[in-house]
Amino acid sequence: MDNRDKILQLVRMRGPLLPSQINKEVKTNVLFASAMLAELVSSGNLAVSNLKIGGSPLYYIRGQEARLESFLNHINEKDQTTYRRLKAERIFYDREQDLLTRVSVRNIKDFAKPLEVEAGDQKFLFWKWYLLSQEEAEQLIKEKLMRMQVLPQQETIAPLPSPVVQEHPQERQESALEVQQTPQPIIQPSIQPATEREQLVQDLERSKRAIFERLQEKTNPKAVVKKPESKQTVLKEKDTSKEKQSALPAEEARVEKNEEQDGDATTAKLDDD
């Protein structure tokens, strides 16, 4: 038989039971037993109580809620008084209770179940004894609302998983064996902002460039740069070339004229001879 089946059979026969009692009967590892109990609760095969005995809850099967009453001596005296009043009156109207009772009724979650009543545009919070049926609770609430002069025809009653008055209790892990784990501090390394890193990189780059330029100046002296000739000199040379070009045709014409004169003179001399 599987250990889960053994646990279910044991709780059916003797529940509600503490985790230590279950571990003793099943004879298994404490961690394994705790894991199996949590699995059975999540699957709905077992129920776990809010009431704690020595820091551990009780495990039981649906239908064994009446047996929880035998563990009332493990809650404080004020909560016991509130439970006895609720059991006698069957329902509580939350606003009619004193502050201590309103706090106490929220502490005994196993024995007090909240009901929210809507009548018109108004809402009323009631508490019912945990073994009182839904039909009986509705009838008692209707009678209460009639005495309060609230029309019962408009009311709708629905069970709530938590009371309307919101509380912020410290969350507790409901498991078979509660293992306290001390969180280890997380040491985060100091990270330099991105802007500072970029500034350092830029400074290093500038230093490298300055050193490189100095080395180049020492190894390669500056070459003498020839200054370009002025525009006036270029224009003067252009004008001179133009004058030379214009003088060439005149010189050629003069030479040709002299040659013609020499030719005529030679011809005349030959005729005389």
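Caption draft 1: Fine view of the nonpolar core. Membership of the largest hydrophobic core comes to 33 residues, with the highest contact counts inside it found for Phe-111, Phe-124 and Phe-126. Secondary structure elements with two or more residues in this core: strand E1 (47-53), strand E2 (56-60), helix H4 (77-89), strand E3 (91-93), strand E4 (112-119), strand E5 (122-129) and helix H6 (134-147). With five residues, E5 is the largest single contributor of residues to this core.

Caption draft 2: Quick look at the side chain of Asp-79. Within the element layout of this structure, Asp-79 appears in helix H4. No salt bridge forms around the buried Asp-79; measuring N to O, its nearest opposite-charge neighbour Lys-78 is 7.6 Å away. Discounting chain neighbours no more than four positions away, the residues touching Asp-79 are Ser-104, Asn-107 and Ile-108.

Caption draft 3: Broad picture of the pairing of E1. In terms of residue burial, E1 counts as a mostly covered element, since five of its seven residues are buried. Relative to E2, E1 runs antiparallel, the two being bridged by four bridges. Bridge pairing in E2 places Ala-47 opposite Tyr-60.

Caption draft 4: Summary view of the packing of aromatic side chains. The full count for this structure, using the stated rule, is five aromatic pairs. Taken together, a centroid distance of 6.0 Å and an interplanar angle of 55° make the contact between Tyr-93 and Phe-124 tilted. With a gap of 31 residues between them, Tyr-93 in strand E3 and Phe-124 in strand E5 connect regions that are remote in the sequence. A relative accessible area of 7% places Phe-124 in the buried class. Through pairs of rings, three or more aromatic residues link up here, namely Tyr-83, Phe-111, Trp-129 and Tyr-130.

Caption draft 5: Seen up close, the layout of surface pockets. Of the pockets and cavities examined, the second largest pocket occupies roughly 320 Å³. Surrounding the second largest pocket, 13 residues form its lining, Tyr-60, Arg-62, Lys-109, Asp-110 and Lys-113 being those nearest its centre. For the lining of the second largest pocket, the element with the most residues is E1, which contributes three residues. Looking at the lining of the second largest pocket residue by residue, the classes come out as five nonpolar, one polar and seven charged. Two domains each donate at least three residues to the lining of the second largest pocket, and these are domain 1 (1-72) and domain 2 (75-149).

Caption draft 6: Quick look at the side chain of Ser-49. Summarising the element assignment, Ser-49 is placed in strand E1. Polar side-chain contacts of Ser-49 include one of 2.9 Å to the backbone nitrogen of Leu-58.

Caption draft 7: How the structure looks around the pairing of E4. Of all eight residues in E4, six are buried; the element is thus mostly enclosed. Here eight bridges tie E4 to E5, and the two strands are oriented antiparallel to one another. Note on E5: the bridge partner recorded for Ala-112 is Trp-129. Hairpin remark: E4 followed by E5, antiparallel, with two residues in the connecting loop; positive phi at Gly-120, about 70°.

Definitions and limits used
Residues numbered from 1 in each chain as written. Predicted model: local features only at pLDDT ≥ 70, side-chain atom pairs only at ≥ 80, totals over all residues. Heavy atoms only, no water. Core = buried A, V, L, I, M, F, W, Y, C linked by side-chain atoms within 4.5 Å. Buried < 20%, exposed > 50% of the residue type's maximum accessible area, 1.4 Å probe, protein only. Helix = DSSP H or I, 4+ residues; strand = E, 2+ residues; numbered from the N terminus. Lys, Arg positive; Asp, Glu negative; His and termini not counted. Salt bridge = Lys/Arg side-chain N within 4 Å of Asp/Glu carboxyl O. Contact = heavy atoms within 4.5 Å. Pairing = 2+ DSSP bridges. Phe/Tyr/Trp six-rings, centres within 6.5 Å; stacked < 30°, edge-to-face > 60°. 1 Å grid on protein atoms, 1.4 Å probe; cavity = no way out; pocket = protein on both sides within 12 Å on 5 of 7 lines; lining within 4 Å. Points joined across faces, edges and corners; volume = space filled by probe spheres on them. Nonpolar A, V, L, I, M, F, W, Y, C, P; charged D, E, K, R; others polar. Domains from an automatic or database assignment. Polar contact = N/O pair within 3.5 Å; in protein donor to acceptor, adjacent residues only side chain to side chain.

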